[in-house]
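Residues per chain are reported as follows:
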Amino acid sequence: MKLKISITSLVVLLLGFNIYAQQALWGGQQIISPEINSNNSVTFRFNAPNADTVQITGDFLPTEKINTQWGVFDGPGKALLKKDANGIWSFTSQPLESDLYSYSFIVDGITTTDPNNVYMIRDVASITDVFIVGGGKGDLYNVQDVPHGSVTRRWYDSPGNDMKRRITIYTPPGYEESKDKYPVLYLLHGMGGDEEAWIALEELRRFWIT
């Protein structure tokens, strides 16, 4: 086998989409959220007529200090949404640079996803919605008209842990038909993630763009 031990994947630049308006799943609320405006500001909407407060938190907002067991760190900021006469809460951001961003709503203190956004990423037990502001490096996350590789997932024996573990493997286009030998890049998440992290989370964005 050309790859003696598989690589933890590098790049399926997820999210093949140009986001300007996103549809609700399963015939749900027909609310546009998020909506990318012409000046690259973004409007978020949430239907909660009986809620007392709705906030949004995300990496497009100014950071705020959070206390953790490891010390004080910068975390995603929060902003309040305003409710209209129909019970729709909304918030419009400042114009944003082209990039991929993540966010969640906080409804009366409970964090939840956006029911009108089908695009999400998972970090172990946490799920956040994502959106792309195009016109720059954010376009790197759209599906490009180029050859694509493959991502597979396998179980393997880990003697050091005395258990079976999962691995995510990326192979470049043409690998399966080729007789060439390929270099191997191993990516091991240090903490807080799993074998999906390198293809779905912030680490991938920083690794790929920087």
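Quantities reported herein were computed from a predicted structural model and do not represent experimental measurements.

Novice: Residue-level account of the overall build of the protein chain, with values.
Specialist: Along its length, the protein chain carries two helices and 14 strands. Taking as baseline every contact in the protein chain between residues at least 6 positions apart, the subset at least 24 positions apart corresponds to 65%. Surface summary for the protein chain: the accessible area is close to 12,900 Å², and the carbon and sulfur share equals 54%.

Novice: Could you give an account of the pattern of salt bridges, with specific residues and numbers?
Specialist: Evaluation of the coordinates by the stated rule reveals five salt bridges. Here Asp74 ties to Lys65 by a salt bridge, and the two come within 2.8 Å at their closest N and O atoms. The exposed category is assigned to Lys65, whose relative accessible area is 62%. Note that Lys164 and Asp157 form a salt bridge whose closest N and O atoms lie 2.8 Å from each other. The exposure classification of Lys164 matches that of Asp157, with both residues exposed.

Novice: Let's hear about the nonpolar core: which residues, and what values?
Specialist: Among the nonpolar cores identified, the biggest contains 21 residues, and Phe44, Val54, Ile56, Phe60, Phe105 and Phe131 are the most heavily contacted of them. Listed by contribution, the elements that provide at least two residues to this core are β2 (42-47), β3 (54-58), β8 (88-92), β9 (99-107) and β12 (126-133). Per element, the largest residue contribution to this core is four residues, and it comes from β9. Ranked by size, the runner-up nonpolar core spans five residues in total, among them Leu100, Ile121, Ile132 and Tyr141.

What counts, and where the lines are drawn
Residues numbered from 1 in each chain as written. Predicted model: local features only at pLDDT ≥ 70, side-chain atom pairs only at ≥ 80, totals over all residues. Heavy atoms only, no water. Helix = DSSP H or I, 4+ residues; strand = E, 2+ residues; numbered from the N terminus. Contact = heavy atoms within 4.5 Å. Areas by Shrake-Rupley, 256 points an atom, 1.4 Å probe, with all protein chains shown as cover. Salt bridge = Lys/Arg side-chain N within 4 Å of Asp/Glu carboxyl O. Buried < 20%, exposed > 50% of the residue type's maximum accessible area, 1.4 Å probe, protein only. Core = buried A, V, L, I, M, F, W, Y, C linked by side-chain atoms within 4.5 Å.

None of this, on its own, says anything about what the molecule does.
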